[in-house]
Amino acid sequence: MNIVVCMKETPDTTAEKRFTADLRLDRAAVAGVINPYDEYGIEEAIAQKEKLGGELTLLCMGPARAEESIRKAMAMGVDKAVLISDPALEGSDLIATARVLAAALQKLTFDIVIFGQASTDSNAGMIVTAVAELLGLPALTWASKLTIEGGKATIKRSHETGYDVVEAPLPCVVSVTQVINEPRYPSLKGIMQAKRKELTSYKLADLGIDASSVGSAGAGSKVEAANRVTLTRTPEIFKDADRAALYIADYLEKRKLI
Amino acid sequence: MNLTLSEEQQMLQQTAREFADEKLRPVAAECDEQQHLPIAQMKAMAELGFFGLIIPEEYGGIGVDTLSYVLVLEEINKVMPAVGTITSVHNSLVSTAIARGGNEAQKRKYLPRLASGELIGAYALSEPHAGSDPASMRTAAVADGTYFLLNGTKSWISSGKSGGLYLVFAVTDKSVKPSRGISAFIVEKDTPGLSVGRKEEKMGLRASDTTQLIFTDCRVPAANMIGEEGSGLKLALSLLDGGRIGIAAQALGIAEAALDEATCYAIAREQFGHPISDYQAIQFMLADMATEIEAARMLIYRAAVEKDQRERVTKEASMAKLYASELATRCADKALQIHGGYGYVKEYAIERIYRDARITRIYEGTSEIQRMVIAGQLLGK
Ligand SMILES: Cc1cc2nc3c(=O)[nH]c(=O)nc-3n(C[C@H](O)[C@H](O)[C@H](O)COP(=O)(O)OP(=O)(O)OC[C@H]3O[C@@H](n4cnc5c(N)ncnc54)[C@H](O)[C@@H]3O)c2cc1C
């Protein structure tokens, strides 16, 4: 079973977001971390590899400094990694990113590609299906459980009223949610061995992609403004303690929450 | 001197920090209160490799440099010194003794099981009558065919009950000087004739067990002797540099924890209409603590780096241990003072930090012994 897990380096979630003059996220200003959602993807990929054998490759598109996050994933148990890094990629939108990842995946051998559900910086959650579409592969999204068996992948997808069981033949693309597992710590031994693992770097030219079709130049979407969202809540204070339970039940019922 | 940590060192430090924060912190107070080890957490530590830190890779360990080891110990001790002690004794004393002094068969037999944490190492040097002066020990080992028969009592043994492998020092020849008459043995837990004695009711480190070990015609295979007969005291002394750097790292972690607690509390606590952190008396205490912590850190990190470059760093290790352990109790005391009455009750972590800090000035050589060692080095004695 050869598995590819995709990872993005995102700005540390605990730091305040800052923007560059052209309204892109200022990634240089804060430390980068493994996109928190991708930690679940990495954990799932490692656990599946431990169970089924084979090789686990991590795929990342990002700046050179993403190597730090890649080494951490290697310390957790990823075998090797491919980093696609090219100045022309800066400012790439979702579609361009999906095209680049899909092109890189075509150079790798895999039975399954695993993604986190979304990235904490842009939170679109659409790369997964875009990549699957470009590769002509089925996509199983929002998995809260993944079983790979008998040449197919089966997932549980939870929703408000229960869960669906969805399956697809291999090869396929899967995205996982936070409930699927508990990401492990990098082992101390893994940390010492991470530096020795193979990290391949690709430029756009290696993937046969034209620089003008990606980056800010090739972006189909343009950011026109970035505004701070201010949430205004109007608290309702209900003082009659004796009837509090009734009031709350009524409130929830009106909104069809119970 | 280059003070930049390597990528690996930073990642080890960060992982140890996250592990201690997320897994040990939630149970530290309860384990202290109930006097039990965090078993599940220590199992996770074993899986991550905390017990194989200094064991070479070929024997199943990780084989990190001394500074990396110090960074990891510091993080564990910021949160739970009781676990820090166990980790330090296991690595700096027991694993090092076998890795450095053991023969190939002993290394193959024991190091992988120590590295995996299947066996937790305990170090049995002290006796009721032999503390600072271990050469006066009375536990005796008498040859009996291919065995040695051990008789005597060891005291103050960290992990005495929970440990699985004991490194025991005993007199093999009373007729010569201790420097040639004491030998070191690897003793497995279930060896007939070995029993675990009283568990001490300690002031601090209450989650860890410190017990007596009683040897009554305890039959230990002669093959379990480390090094040559009579080389035990030399081995014990050679372990001290690493051991003392380990305890210094523990003390540093404790001092940092005290400062953290004091800082948070000082910002939150208001008296006379202001946070007490607005008052210079409080600020100066915090400033002194922070400054001395950096000084201790430099002493310890330097001793650690030099240990990998030379055979012995006796003076540097003693200085680091002396300064850091006295600092740990000083910081704990100031931090408790900053907490006022709230520092004197168990609701706040500083109460436990204060109790845990105190031991660092006593074990692996008291402060007085460290000063004797340092003076001895200065005066060429
Ligand atoms: C919690 C705990 C865990 C321990 N874990 C272990 C362990 O795992 N393995 C192990 O072998 N031991 C262990 N010890 C024992 C520890 O190493 C000894 O307690 C320590 O060496 C001091 O010995 P002592 O208690 O007999 O004190 P003593 O040696 O009796 O010292 C009493 C006082 O006299 C001072 N003193 C002694 N000699 C001199 C001198 N020549 N000049 C000036 N002052 C002097 C000392 O500094 C001290 O202040 C542990 C102890 C404790 C409390």
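Below, the structure is looked at part by part. Per-chain numbering applies: the sequence of each chain, read as written, is numbered from 1 onward. For this description, chains carry letters from A and ligands carry numbers from 1, given in the order in which they are written. Totals for whole chains, interfaces and linings use every residue, but because this is a predicted model, local features are given only for residues with pLDDT of at least 70 and side-chain atom pairs only at 80 or more, for both listing and counting. The side-chain figures draw on all heavy atoms in the structure; neither hydrogens nor water molecules are used.

Numbering of helices and strands runs from the N terminus; a helix is a DSSP stretch of H or I covering at least four residues, while a strand is a stretch of E covering at least two. Scanning chain B from terminus to terminus reveals 11 helices and 10 strands. For a compact globule the rule gives 2.2 Å times the number of residues to the power 0.38, and the radius of gyration it is set against comes from C-alpha atoms. Here the C-alpha radius of gyration of chain B, 21 Å, is about what a compact globule of 381 residues would show, namely 21 Å. By principal-axis analysis of the C-alpha atoms, chain B measures approximately 80 × 45 × 40 Å. Exposure categories follow from relative accessible area, calculated using a 1.4 Å probe and restricted to protein chains: below 20% of the type maximum is buried, above 50% is exposed, and the middle band is partly exposed. Burial analysis of chain B (381 residues in total) assigns 56% to the buried set. Contacts were defined at the residue level, with two residues in contact if any of their heavy atoms lie within 4.5 Å. Across chain B, contacts joining residues at least 24 apart in sequence account for 73% of those joining residues at least 6 apart. Accessible area of chain B: about 16300 Å², with a carbon and sulfur share of 54%. The charge count includes Lys and Arg as positive and Asp and Glu as negative, but it does not include His or the ends of the chains. Charge positions come from single atoms, namely NZ of Lys, CZ of Arg, CG of Asp or CD of Glu. Each charge sign in chain B was given a centre, from 41 positive and 48 negative side chains, and these centres are 6 Å apart. Here the Shrake-Rupley method, with its probe set to 1.4 Å, supplies the accessible areas, and only the displayed protein chains count as covering residues.

Our focus in this paragraph is a nonpolar patch on the surface. Residues and elements named next belong to chain B. In this scheme, patches are assembled from residues that exceed 30% relative accessible area and form no salt bridge. Like charges are connected within 9 Å, while nonpolar side chains (Val, Leu, Ile, Met, Phe, Trp, Tyr) are connected within 5 Å. A pair is scored as a salt bridge if a Lys or Arg side-chain nitrogen falls within 4 Å of a carboxyl oxygen belonging to Asp or Glu. A surface patch of nonpolar side chains, about 430 Å² in accessible area, is lined by Y342, Y344, V345 and Y348. Mapped onto the elements of the fold, Y348 is located in the loop between α9 (314–339) and α10 (350–357). The partly exposed category is assigned to Y348, whose relative accessible area is 31%.

The next point concerns the site of the ligand. Residues and elements named next belong to chain B. A cutoff of 4 Å decides nearness: a residue is near a molecule or strand if any of its heavy atoms lies inside that distance of it. What surrounds the ligand is a group of 17 residues, the closest being Y123, S132, W156, T366 and E368. Two N or O atoms count as a polar contact when they lie within 3.5 Å, although within protein this holds only if one can serve as hydrogen donor and the other as acceptor, and sequence-adjacent residues are included solely when both atoms are side-chain atoms. Y123 places a main-chain nitrogen or oxygen 2.7 Å from a nitrogen atom of the ligand. For the ligand, the protein covers 65% of the area, taking 970 Å² as the surface of the free molecule. Elements with a contribution of two residues or more to the shell around the ligand: β3 (147–158) and α11 (367–378). No other element matches the three residues that β3 contributes to the shell around the ligand. Partitioned by chemical class, the residues of the shell around the ligand number eight nonpolar, six polar and three charged. Basically, the charged four are Asp, Glu, Lys and Arg, the nonpolar ten are Ala, Val, Leu, Ile, Met, Phe, Trp, Tyr, Cys and Pro, and anything else, Gly included, counts as polar.

Any two rings among Phe, Tyr and Trp, with Trp reduced to its six-membered ring, count as a pair given centres within 6.5 Å; such a pair is stacked if its planes are under 30 degrees apart, edge-to-face if over 60, and tilted if neither. Inspection of the entire model under this criterion finds seven aromatic pairs over all chains. Aromatic side chains Y185 of chain A and F19 of chain B sit 5.4 Å apart centroid to centroid with 65° between the ring planes, which places their arrangement in the edge-to-face category. Taken together, the positions of Y185 of chain A in the loop between β11 (172–176) and α5 (188–194) and F19 of chain B in helix α1 (residues 7–34) put the pair across two chains. Under the relative-accessibility criterion, Y185 of chain A is labelled buried at 13%. Relative to F169 of chain B, the ring of Y123 of chain B lies with its centre 5.4 Å away and its plane at 70°, an arrangement referred to as edge-to-face. A residue pair is termed long-range when its members are at least 10 positions apart, and Y123 of chain B in strand β1 (residues 121–124) and F169 of chain B in strand β4 (residues 165–171) qualify at 46 residues. For the pair formed by Y123 of chain B and F169 of chain B, the shared burial category is buried. Ring-pair connections join several aromatic residues into one group, and the members of that group are Y185 of chain A together with F19 and F50 of chain B. Both a distance and an angle decide whether a charge sits over a ring: NZ of Lys or CZ of Arg must be within 6 Å of the ring centre and within 35 degrees of the ring normal. The lysine or arginine in question, K107 of chain A, covers the ring of Y202 of chain A, its NZ or CZ lying 5.3 Å from the ring centre.

Here we come to the side chain of E44 of chain A. Residues and elements named next belong to chain A. Tracing the backbone through its elements, the reader meets E44 in helix α1 (residues 36–52). K51 provides the closest opposite charge to the buried, unpaired E44, separated from it by 6.7 Å. Once residues within four sequence positions are removed from consideration, E44 is found in contact with L146, V176, I180 and N181.

Turning our attention to the packing of α1 of chain B against helix α2 (residues 39–48) of chain B. Residue and element names in this part refer to chain B. Two elements in contact, α1 and α2, have axes whose closest approach is 10 Å; the angle formed by their N-to-C orientations is 160°. In terms of orientation, α1 lies roughly antiparallel with respect to α2. Seen along the crossing, α1 lies across α2 with a hand that is left-handed. Here F19, K23, L24 and V27 of α1 lie close against α2, whose contacting residues are Q41, A44, M45 and L48. Across the contact of α1 with α2, the residue classes break down as six nonpolar, one polar and one charged. Here, axes are lines fitted to C-alpha atoms. For helices the fit covers the stretch in contact, and angles between N-to-C directions go from 0 to 180 degrees. Note on angle classes: values under 35 degrees are labelled roughly parallel, values over 145 roughly antiparallel, values of 65 to 115 roughly perpendicular, and the remainder oblique. In a left-handed crossing the near helix is turned counterclockwise from the far helix by less than a right angle, and in a right-handed crossing that turn is clockwise.

We now examine the sheet that holds strand β10 (residues 162–169) of chain A. Residue and element names in this part refer to chain A. Pairing is antiparallel across the open sheet formed by three strands, whose spatial order is β8-β9-β10. Strands with a single pairing partner mark the edges of an open sheet, and in this sheet they are β8 (145–149) and β10. Each neighbouring strand pair of the sheet contributes to a mean axis angle of 20°, computed without reference to strand direction. Here the rule is simple: two strands pair whenever DSSP picks up at least two bridges between them. Both strand β9 (residues 152–159) and β10 contribute to a ladder of eight bridges, which runs antiparallel. The residue of β10 that forms the bridge with K156 is V165.

Quick look at the interface of chain A and chain B now. Each side of the interface is counted separately: chain A has 14 residues, and chain B has 19 residues. For the chain A and chain B pair, buried surface summed over both sides reaches about 1600 Å², with 63% attributable to carbon and sulfur atoms. Here's the idea: put two parts together, see how much 1.4 Å probe accessible area each one loses, and the total over both is what we call buried area. Of all residues in chain A, Y185, L188 and M192 of chain A give up the largest surface area on contact with chain B, accounting jointly for 46% of the area buried on that side. The interface formed by chain A and chain B includes three salt bridges. The shortest N-O distance in the salt bridge between K195 of chain A and E7 of chain B comes to 3.9 Å. The tally of links from chain A across to chain B stands at six residue pairs in polar contact (both at pLDDT 80 or more). Breaking the side of chain A that touches chain B down by element, the ones donating at least two residues are α2 (67–76) and α5 of chain A. In terms of residue count, α5 of chain A provides more of the side of chain A that touches chain B than any other element does, five residues in total.

Here we take up the pairing of β9 of chain A. Residues and elements named next belong to chain A. The sheet contact formed by β8 and β9 spans five bridges and is antiparallel. In the strand pairing of β9, L146 is matched with I155. Taking the residues between adjacent antiparallel strands as the criterion, β8 and β9 are bridged by two residues, where G150 takes a positive phi near 55°. Counting the residues between successive antiparallel strands, the hairpin from β9 to β10 contains two residues.

Before going further, it helps to examine the sheet that holds strand β7 (residues 139–143) of chain A. Within a sheet, neighbouring strands are paired by backbone hydrogen bonds and run either parallel or antiparallel to one another. All names here are of chain A. In spatial order, the strands read β7-β11-β6-β1-β4-β5-β12; together these seven strands make up an open sheet with parallel pairing. At either margin of the open sheet sits one strand with a lone partner, and together these are β7 and β12 (199–202). The average angle at which neighbouring strand axes cross in this sheet is 20°, direction not considered. Note: strand β1 (residues 3–6) against strand β4 (residues 56–61), four bridges, orientation parallel. The residue bridging C6 from the neighbouring strand is L59, located in β4. Across the face of the sheet, helix α3 (residues 94–106) comes into contact with β1, β4, β5 (80–84) and β6 (112–116) while running at roughly 150° to β4.

These figures capture arrangement, not role.
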